[in-house]
Each structure stands twice: as structure tokens, then as C-alpha cells.
Amino acid sequence: MSKALEQVLQQEVDKRRTFAIISHPDAGKTTLTEKLLLFGGAIRLAGSVKARKASKHATSDWMEIEKQRGISVTSSVMQFDYSGHRVNILDTPGHQDFSEDTYRTLTAADSAVMLIDVAKGVEAQTIKLFQVCAKRGIPIFTFINKLDREGRNPFELMEEIEQVLGIRSVPMNWPIGMGRELSGVYDRMKNQVELFQGDDHSTIQVKKVEDYRDPVIREMAGEYLHEQLCQDLELLDVAGDPFDLEKVRRGELTPVFFGSAVNNFGVQTFLENFLQLAPKPEPRRSTAGLVEPTNEKFSGYVFKIQANMNPAHRDRIAFLRIVSGKFERGMSVKHVRAGKEIKLSQPQQFLAQDRDIVSEAYPGDIIGLFDPGIFRIGDSLSQGSEIVFDELPTFSPEIFAKVTVKNALKHKQYQKGIDQLTEEGTIQVFTTVSFEDTLLGVVGQLQFEVFEYRMKGEYGVDVQLQRMPFQFARWIVADNIDPSKFRINSTLVKDKKGNYVALFENEYAMRTAMEKNPDAKFLETAP
Ligand code: GDP
């Protein structure tokens, strides 16, 4: 490889940080994202930060369903520069707009920021998203937010993180007071106090000290708060985990930062520490072995396909995570599954209203590719050799509905729609063993709405969805599968590859089936 290209690649890779923020709705993700973007002066906003709040974004041209509900259906990407780093934030939609896309987006991140509300602790959606990250073993950084409100004891929160999520934590800073008493934080790594002044905590005074016992802190924060701080930190020194970058990198230890996003307190310190500690784009596994980001040949994979962001264009956009090499507009690459060369002439990033054309990009970056229907989720693109990246994980659906077509004459379009939308990963489809009924499985209710909307809009088919009472899906692997053993509060179906899947109404039904079928394996996702 040319020396010059090698150097450029190394530099570009070294400065990149690609991460996702995982949290439960209302923890402050939008607020934190906005503050982070402000520090960097965002280069490219992919709409979602604002698009979620409908009133602020009346002119957006997202699909109709997004406008109606004021949410962003699909996750997108934001990019900014900060102190020599190029930062990519992957948005992970939550709440009603939670879907498999949310999970898949996490596969494109090199690390995650877990945002926790100090009063609420670890919440349901955080747990789900955390588990997807933990499975990949990516580093997770924790930001405990809303310190300006009365919240839970920090030790209690650390305990909860360990109990519920199974990860040890190491506080990088520690609050001095909380809620109305909040005066600042003590930075344990730099041995400095950061004090806020004024009602909105906006003025920040930073002072280096010997250690937390330094009497200067007493003068600044008062005797009572200093006493409390000393007690807490002595306990942490003795009983807490020491900071260990290797453990952080392996996802075994999460560095914890305290702050308040809305007051912009602790956000900059967090960003600076995060950029230092978070990994740059890592090698990815493929059929050709590990692919190094600095490999001069361009490669990447599609982790998300988004349809009809703009109703004026009936195209789709495939989101590609670059794994290696340099992307240049107009370059030819191999579409490995399709077995053909394609030209990447219309790569785009998204602004809320305009499409911004990217002319070059590097490992860790996400580009949107114009897709006339040639891409599937998980597709690999590469220059030169045929690299196929590890398959993207599938996720166990938790909500199910029986689907029927209202007008039987439309059956052909209906089938085509189901096939294509399954391929895109909009829904998972199952067929009942007994009556060949079609069931759809999703992880978020919104996927059903998108399915109905697109069946009508793109295939002209009115469908009827009838919710089924199932909550769990398990792929059954056994020599002999007896459907009669899956009848009580459960049913046996097949996925599109013909694998047997049992659906259960509750955990009790699932446990009963496991007991009745001791030789069978019950897998959360397809084998
Ligand atoms: P998201 O649903 O996670 O994106 O949460 P938002 O960023 O929309 O925030 C939810 C609510 O919490 C909003 O009313 C925010 O103003 C508020 N909020 C965010 N950060 C803080 C904080 O640090 N302190 C307080 N008191 N409120 C906050």
C-alpha cells in the first residue's frame, strides 16, 4: 500500500469515535446529544434530534407516519469534530419508536454511553439495550444525569448497575451534594473540584487540589458537604474498583460520570474523558479473518435499510458502516452476495431537509447509499477481495400479530410486500404449523404500524392485524419435535427458513415446555 494512504488511514482511524447513547425515554438523551453537538459545532445532523419533537420540526419531510407522531422512525447519525476527534453519534430511537433497527444500530457502534436518570436508576429499555451491547463486549460509559434534582444515593445506583446489569463500575467523578444542595463534582482522576455557581449552575469554577481532603474544598463547598465527600471517597478508595482501562475496553467495567445535561454541567468533562478512553474503530470479523480498519481496501456492511424518507423519492437508503479503507464517491465495489460490481455514486448523509452528499469517508463513519432495491441488511461491500462480515444478530420478537389481507385479489402483492419487508428487517414472519396462518413478530409496536403503512403505500394492500397474546419466541432445536407439547398457552410456528419456533404467552408456559422437552434446545434467536 502506498505510504501516504497508509498514513492518512491511520490518522483518520485514530481520531474517530463512533458510539450510541443507550437510555430509557426521558433520561435526557435528546438534551445530552444536543449539548454534545454544541461543543463540536455539528457538521452533519441527521435530523433525528429535532425530528423527534414534532413542533420544532414542522417542515421535515420524513415519512407521513413520522410527521403524524412527531417521532423519528428510524435511527440516524450525527457527526461533529471536537479537539482533534471526529465523532459519530448513532441515534437509537426509544419508546414507541423502539424497533429492531434500534438494536441493529448498536452493532455499528464501537462503544456506548449509558445514560441514567439519577432518580430512576436502571430502567427497562436501558436493560434491553445494555444487553445487546454486552453481548458484543463493547465498552460502556455511564453518565448519571439530572443531578440538579433530588436523586438516589450514588452508592445505591452503582449497586443497582452491578446487580441488574452485571457490570462493575468505577466513578470518575463524584457529586458534591445533590438536588438543591448540588455544588459541583470532584474529579477523582485529575484531583480537581468543579464547582457550579448561580441558580442554573452555569458558572463553573475549576480548582486543582492535593486530594479530596484538601481544606480548600471545605472553604468552597462548606463543611457539611466536604465531610460527606470525604466519607464517600474514602469508602470508594477502600472498597471500590480501581480504574482499569483494559477492563473498560473489554466491557467488564464502566466508568461513571455524574452531571446534569440540561444545565450543561459535567458534559464537557465527560466528553473529553470519553474521547480519550473510548476505542477507535476496531477490526471486524469476516470470512477472510479480521479486517483491520487501516486495510487499504475499502469494506463495510449494511446495518439498516430505510425506505421513503422523502415521499417524493420512492427509493430506499441503505446505511453502511465503513470497516476499512477509504470511501470515495463514485468508487466501484463488490456487492458480495449479489456477485456484482456496483458504483457508489450517490452516497448521502442526511440533513433534516436536504441530502448532503459525502465525497469521502473513513472507517467508523456511516454513509447512506442510494438503494434501488439491491441491498439487504447484513450485506457486505468490499473493494478487491470478497470479504463477508459476520452476520448481524437477529433479535427475539416480543410482540406478535396475525396478519390477513382484506382483499383476497391482492394476494400476490401482499406476498411480495411481506417478502420484501422481511428482507429489509422491518418485521419477522412466521407461519403456524397447523393452519398456515401468517404471524408477524416485532420488538416494538411501531414496526407493525410501519408495516401496515408501507403495505398500503407501496404495495396497495390493506392488511388486518390481530394482536396475539404471545410474549416470547424460542427457536427449538431437537431431533424430534412434537407439536402437541406446545399447546398450553403456546403455539408452534415456523420461521421463513423452516426452523421451528415456539411462541409463549408467559414465562410459566415457557418453563413448562422446557420441562416437557428436556432434550430440546430453546434458543432466543434463529440457530
Ligand atoms: P429523552 O427522552 O431521553 O431524549 O429525554 P429528553 O432529553 O427529551 O429529556 C427529558 C426531560 O428531562 C426534558 O424535560 C428535559 O428538559 C429534562 N432534562 C434533561 N436533562 C436534565 C437535567 O440534567 N436535569 C433536569 N432537571 N432535567 C433534565
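Residues numbered from 1 in each chain as written. Predicted model: local features only at pLDDT ≥ 70, side-chain atom pairs only at ≥ 80, totals over all residues.

Looking up the protein in an unreviewed UniProt entry gives the name Peptide chain release factor 3, with the organism given as Paenibacillus oralis. As stated in UniProt under Sequence similarities (unreviewed entry), the record for the protein gives "Belongs to the TRAFAC class translation factor GTPase superfamily. Classic translation factor GTPase family. PrfC subfamily." (UniProt positions renumbered as here; feature names shortened; annotations may be inferred.)

Draft legend 1. Representation of the pairing of strand E8 (residues 184-187) in the model. Of the two faces of E8, the one lined by Gly184 and Tyr186 and the one lined by Val185 and Asp187 are each fully buried. In this sheet, E8 lies alongside strand E7 (residues 173-176) in antiparallel orientation, the contact comprising four bridges. Within the sheet, the bridge partner assigned to Ile176 lies in E8 and is Gly184. Relative to strand E9 (residues 192-197), E8 runs antiparallel, the two being bridged by four bridges. In the sheet register, Tyr186 faces E9, and the bridge partner there is Val193. Linking E8 to E9, which pair antiparallel, is a turn of four residues; within it Asn191 sits at a positive phi near 50 degrees. (Buried ≥ 20, exposed ≤ 12 C-beta atoms within 10 Å, placed from the backbone. Helix = DSSP H or I, 4+ residues; strand = E, 2+ residues; numbered from the N terminus. Pairing = 2+ DSSP bridges.)

Draft legend 2. Structural context of the site of the ligand. Near the ligand there are 16 residues, and of these Gly28, Lys29, Thr30, Thr31 and Ser260 occur at the shortest range. It is helix H2 (residues 29-40) that contributes the most residues to the shell around the ligand, three residues altogether. Grouping the amino acids of the shell around the ligand by side-chain chemistry returns four nonpolar, seven polar and five charged. (Near = placed C-beta within 6 Å. Nonpolar A, V, L, I, M, F, W, Y, C, P; charged D, E, K, R; others polar.)

Draft legend 3. A look at the domain arrangement of the protein. By domain assignment, the protein separates into domain 1 (3-277), domain 2 (284-382) and domain 3 (399-523). One C-alpha centre belongs to domain 2, the other to domain 3, and the line joining them spans 31 Å. In this assembly, four residues from domain 2 lie in contact with four residues from domain 3. Classifying every residue of the side of domain 2 that touches domain 3 by side-chain character gives three nonpolar, no polar and one charged. (Domains from an automatic or database assignment. Contact = placed C-beta atoms within 7 Å.)

Draft legend 4. View of the sheet that holds strand E23 (residues 428-432). Across the sheet, which stays open at both edges, the eight strands sit in the order E25-E22-E24-E23-E27-E28-E26-E29 with antiparallel pairing between neighbours. The outermost strands of the open sheet, each flanked by one partner alone, are strand E25 (463-468) and strand E29 (521-523). The sheet shows a mean angle of 40 degrees between the axes of neighbouring strands, taken without regard to direction. Relative to strand E24 (residues 438-442), strand E22 (residues 399-405) is paired through five bridges, and the arrangement is antiparallel. Opposite Phe400, over in E24, you have Gly441 as the bridge partner. (Axes fitted to C-alpha atoms, helices over the stretch in contact; angles between N-to-C directions.)

Draft legend 5. Broad picture of the packing of helix H12 (residues 411-424) against helix H13 (residues 445-459). For the pair H12 and H13, interaxial distance at closest approach is 10 Å and the crossing angle is 125 degrees. Here H12 lies oblique to H13, going by the angle between them. Along this stretch, H12 crosses H13, giving a crossing that reads as right-handed. Two secondary-structure elements touch here, H12 through Gln413, Tyr414, Lys416, Gly417 and Leu421 and H13 through Phe451, Arg454, Met455, Glu458 and Tyr459. Within the contact of H12 with H13, the residues separate by chemical class into five nonpolar, two polar and three charged. (Parallel < 35°, antiparallel > 145°, perpendicular 65-115°, else oblique. Left-handed = near helix turned anticlockwise from the far one by under 90°.)

Draft legend 6. Spatial organisation of the sheet that holds strand E6 (residues 168-171). If you trace the seven strands from one edge of the open sheet to the other, you get E2-E3-E1-E4-E5-E11-E6, paired in mixed fashion. Both outer strands of the open sheet, strand E2 (77-82) and E6, are each paired with one neighbouring strand and no more. Adjacent strand axes in the sheet meet at a mean angle of 30 degrees, parallel and antiparallel pairs treated alike.

Draft legend 7. Examining helix H7 (residues 154-165) more closely. Taking 1.5 Å as the rise per residue, H7 with twelve residues should run 16 Å; its terminal C-alpha atoms sit 16 Å apart, in good agreement. Contacts from the buried residues of H7 go to strand E4 (111-117), helix H6 (124-136), strand E5 (140-145), E6, E7 and strand E11 (253-258). Looking one or two residues past H7, Gly166 carries a phi angle of roughly 70 degrees, positive in sign. (Expected span 1.5 Å × (residues − 1).)

Draft legend 8. The packing of H2 against helix H11 (residues 267-277), seen in detail. Across the interface, H2 lies against H11 with an axial gap of 10 Å and an inter-helix angle of 75 degrees. Our classification of the angle between H2 and H11 gives roughly perpendicular. Listed contacts from H11 to Leu32, Lys35, Leu36 and Phe39 of H2 are Val267, Gln268 and Leu271.

Draft legend 9. Local environment of the environment of Asp482. Tracing the chain through its elements places Asp482 in the loop between strand E26 (472-477) and strand E27 (490-495). On the basis of neighbour counts, which here come to 11 C-beta atoms within 10 Å, the residue Asp482 falls in the exposed class. Residues Asp482 and Leu492, ten residues apart in the sequence, show an inter-C-alpha distance of 9.3 Å.

Draft legend 10. Spatial organisation of the nonpolar core. Counting 89 residues, the largest nonpolar core has Ala112, Val113, Met114, Cys133, Val302 and Leu320 as the members making the most contacts within it. Examining the composition of this core, we find that six residues originate from one element, strand E13 (residues 316-324), more than from any other. The two domains that each donate at least three residues to this core are domain 1 (3-277) and domain 2 (284-382). Sequence-distant contacts of Val302, defined by excluding residues within four places in its chain, comprise Ala318, Phe319, Leu320, Phe375, Ile377, Gly378 and Asp379. Membership of the second largest hydrophobic core comes to 31 residues, among which are Phe98, Val403, Ile418 and Ala502. (Core = buried A, V, L, I, M, F, W, Y, C linked by C-beta atoms within 7 Å.)

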